[in-house]
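Structural overview for review
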Amino acid sequence: MPVFKPVRCPHSESVCIRYDQRSYWIKWDTMTCRLATMNGRVELPFTVPAHLQQYLGHRICSADLCFRKGRYTLHIVVSIPKPVVTPSQEVIGVDLGLNRLAVTSQRHFLAEKRWKEQERRLFRLKRKLQAKGTRSAKRHLKKLSQKQFRQRRDQDHVLAKRIVEHATPGSTIVLENLTNIRERTTQRKSAQQRRLHSWSFARLYLFVEYKAQARGIAVVRRDPWHTSQTCSKCGYQHRSNRRSQSLFLCRQCGYQLNADLNAAYNIRDKYLACLALSGRSRESGPTCHVRRAIVSVLRG
Ligand SMILES: [Zn+2]
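What comes next is a walk through the structure. Because the structure is predicted, anything quoted here is derived from the model rather than measured. (Residues numbered from 1 in each chain as written. Predicted model: local features only at pLDDT ≥ 70, side-chain atom pairs only at ≥ 80, totals over all residues. Heavy atoms only, no water.)

Some points on the nonpolar core
Quick reminder of the rule: Among buried residues, the Ala, Val, Leu, Ile, Met, Phe, Trp, Tyr and Cys ones that are joined through side-chain atoms within 4.5 Å form a nonpolar core. We call a residue buried when its accessible area falls under 20% of the maximum for its residue type, exposed when it is over 50%, and partly exposed in between, using a 1.4 Å probe and counting protein chains only. Only DSSP runs of H or I covering at least 4 residues are called helices, and only runs of E covering at least 2 are called strands; the numbering of each starts at the N terminus.
Core analysis: the biggest nonpolar cluster contains 25 residues, and Val94, Leu96, Ile173 and Val208 have the highest contact counts within it. Top element by residues in this core is helix α5 (residues 201-213). It accounts for six residues. If you look at the next biggest cluster of nonpolar residues, it comprises 17 residues, including Trp28, Cys33, Ala63 and Val78.

In structure tokens:
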């Protein structure tokens, strides 16, 4: 008979348990759920926070059971049908940047001033801890990087929500395609460079896309080539048009405005020119269902 080494079941208290349609179900009318556990199936009552009541009754997908600070929460993903909206001709250009995070062509400057200070504070603390180099410092550094990740993700969520909120259902949001900006950029200042390389555009696009889908707004990307150097009034393009980080002054016609706002206008106009060329009215969005996660708190 082979002798096996006694093995322990590896487990972690911080990892969530993923449930799918075979391992759990939910009854919306009685507000109960049935979960598969190590001790068989358990039926439990749950409550839903007020701001998520609107998603009750929809078809359920997967769910995550999390245990945090003595409370069980079940994060349920529901599939809601795509809203029926008639596409409008409204197009909103959004300029993304490091100084002003997002500027729309409707003259909205969407960012919080405190975010920059938050970043700076974390960076200073990180630098101090790195210089220290002790085991305790390393432990703190790990915690700090997790905190930074959560902070940035939250900022992206807030930014994406604001971009989508300022657009009316049926309109189109045009974003810059910044996928290769790291190779293209000529930023030499270390602080600027650091911020640029730690910026996650892909995640912001993802957030904007799924938040826009729920409101029936299409999201497209356009190449940002020369959008910050071109005059949005006469179309004259020169490097010296942009006088400073914030000021745009056209050398040909003397048009003066905020540089990021000028770029947002250009991005919008670029997309409109594309539409006029191809003769289409609007790019239609994907037809899949919108997924929203709702959090349910299990009692007991
Ligand atoms: Zn001009």
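Details of the coordination of the zinc ion
What counts is decided by this rule: Only nitrogen, oxygen and sulfur atoms qualify as donors, and only when within 2.8 Å of the metal (3.2 Å in the case of Na, K and Ca); with water excluded, sites may look incomplete. Donor angles set the geometry label: tetrahedral for four donors if every angle is between 85 and 135 degrees, square planar for four and octahedral for six if opposite donors exceed 155 degrees and the others are between 65 and 115, irregular for anything else.
Binding of the zinc ion to the protein goes through Cys231 (SG), Cys234 (SG), Cys250 (SG) and Cys253 (SG), at separations of 2.2 to 2.4 Å. For the zinc ion, the four donor atoms in the first shell make angles of 107 to 112° at the metal, a pattern classed as tetrahedral. One chain supplies every donor for the zinc ion, spaced along it as C-x2-C-x15-C-x2-C. Of this pair, cysteine 231 sits in the loop between β10 (218-222) and β11 (247-249) while cysteine 253 is found in the loop between β11 and β12 (256-258), placing the two residues 22 residues apart along the sequence. Residue classification places cysteine 231 among the buried residues on the basis of a relative accessible area of 2%.

Examining helix α2 (residues 135-165)
Put simply, the rule reads: Take the number of residues in a helix, subtract one, and multiply by 1.5 Å to get its expected span. Note on contacts: a residue pair qualifies if any of its non-hydrogen atoms lie within 4.5 Å across the two residues.
Relative to the 45 Å expected for 31 residues at 1.5 Å per residue, α2 spans 45 Å between its end C-alpha atoms, a close match to the ideal helical length. Residues Ala137, Leu141, Leu144, Gln148, Gln151, Arg152, Gln155, Asp156, Leu159, Ala160, Ile163 and Val164 constitute the buried set of α2. If you follow the buried residues of α2, they end up packed against β7 (91-96), β8 (102-104), α1 (113-132), β9 (172-176) and α5.

Things to note about α1
This is how the line gets drawn: Regarding the arc, it is the one traced by the directions from the helix axis to the C-beta atoms.
If you check α1, its first and last C-alpha atoms are 30 Å apart, about what 20 residues at 1.5 Å a residue would give, namely 28 Å. Of the positions making up α1, those classed as buried are Trp115, Gln118, Glu119, Leu122 and Leu129. End-on view of α1: buried residues confined to an arc of 100°, all on one side of the axis. Looking at α1, the residues exposed on the side facing more than 90 degrees away from the buried face are Lys113, Arg127, Lys128 and Ala131. Elements that come into contact with the buried residues of α1 comprise α2.

Concerning the packing of α2 against α5
In plain terms, the rule: Whenever a helix is involved, its axis is fitted only over the stretch in contact; in every case the axis is a line through C-alpha atoms, and angles between N-to-C directions fall within 0 to 180 degrees. We call two directions roughly parallel when the angle between them is under 35 degrees, roughly antiparallel when it is over 145, roughly perpendicular when it lies between 65 and 115, and oblique otherwise. Here a crossing is called left-handed whenever its near helix is offset anticlockwise from the far helix by less than a right angle, and right-handed whenever the offset is clockwise. Throughout, the ten residues Ala, Val, Leu, Ile, Met, Phe, Trp, Tyr, Cys and Pro are labelled nonpolar, Asp, Glu, Lys and Arg are labelled charged, and all others, Gly among them, are labelled polar.
Running from N to C, α2 and α5 cross one another at 40°; their axes reach a closest spacing of 9 Å. When the axis of α2 is compared with that of α5, the two are oblique. Relative to α5, α2 is oriented so that their crossing is right-handed. On the side of α2, the interface is formed by Phe149, Arg152, Arg153, Asp156, His157, Leu159, Ala160, Lys161, Ile163 and Val164, while α5 contributes Arg203, Leu204, Phe207, Val208, Tyr210, Lys211 and Ala212. Its residues assigned to classes, the contact of α2 with α5 shows 10 nonpolar, one polar and six charged.

Description of the packing of aromatic side chains
Note the cut-off: Two aromatic rings from Phe, Tyr or Trp, using only the six-membered ring of Trp, form a pair when their centres are within 6.5 Å; if the ring planes differ by under 30 degrees the pair is stacked, by over 60 it is edge-to-face, and anything between is tilted. Here, a charge over a ring means that NZ of Lys or CZ of Arg falls within 6 Å of the ring centre while also lying within 35 degrees of the ring normal.
Enumeration over the complete set of coordinates arrives at four aromatic pairs. When the centroid spacing of 6.2 Å and the interplanar angle of 80° are considered together, the rings of tryptophan 28 and phenylalanine 46 count as edge-to-face. Remark: phenylalanine 46 occurs in strand β4 (residues 40-47) and tryptophan 28 occurs in the loop between β2 (24-27) and β3 (32-37); sequence separation between them is 18 residues. Since its relative accessible area comes to 18%, tryptophan 28 is described here as buried. Relative accessible area serves as the criterion here: at 1%, phenylalanine 46 is assigned to the buried category. Between the aromatic rings of phenylalanine 207 and tyrosine 210, the centroid separation amounts to 6.2 Å while the plane-to-plane angle is 85°, which identifies the pairing as edge-to-face. Of this pair, phenylalanine 207 and tyrosine 210 both sit in helix α5, three residues apart, roughly one helical turn. Residue classification places phenylalanine 207 among the buried residues on the basis of a relative accessible area of 9%. Sitting over the face of the ring of phenylalanine 207, lysine 211 holds its NZ or CZ atom 5.9 Å from the ring centroid. Here the guanidinium or amino end of arginine 221 rests over the ring plane of tyrosine 205, the centre of that ring lying 4.1 Å away.

Looking at the pattern of salt bridges
Our working rule: What counts as a salt bridge is simple: a side-chain nitrogen of Lys or Arg found within 4 Å of a carboxyl oxygen of Asp or Glu.
Under the criterion given, the structure shown has 11 salt bridges. Ionic pairing is found between glutamate 112 and arginine 114, a salt bridge with its closest N-O pair at 3.4 Å. Three or more residues are tied together by salt bridges with common partners; here these are Glu112, Arg114 and Arg162.

Describing the side chain of arginine 203
Position of arginine 203 relative to the elements: it lies in helix α5. On the accessibility criterion, arginine 203 (17% relative accessible area) is buried. Those residues in contact with arginine 203 that sit more than four places away from it in its chain are Phe149, Arg152, Arg153 and Asp156.

Notes on the pairing of β3
The condition that has to hold: Between any two strands, at least two bridges found by DSSP are needed for them to pair.
Of the strand pairs in this sheet, β2 and β3 are connected by four bridges, and their pairing is antiparallel. When the sheet's bridge partners are listed, tyrosine 24 is paired in β3 with leucine 35. As consecutive antiparallel partners, β2 and β3 are separated by four residues, and within that stretch methionine 31 has a phi angle of approximately 55°, a positive value. Pairing between β3 and β4: six bridges, direction antiparallel. In the sheet register, threonine 37 faces β4, and the bridge partner there is glycine 40. Linking β3 back to β4 in an antiparallel pair, the connection comprises two residues.

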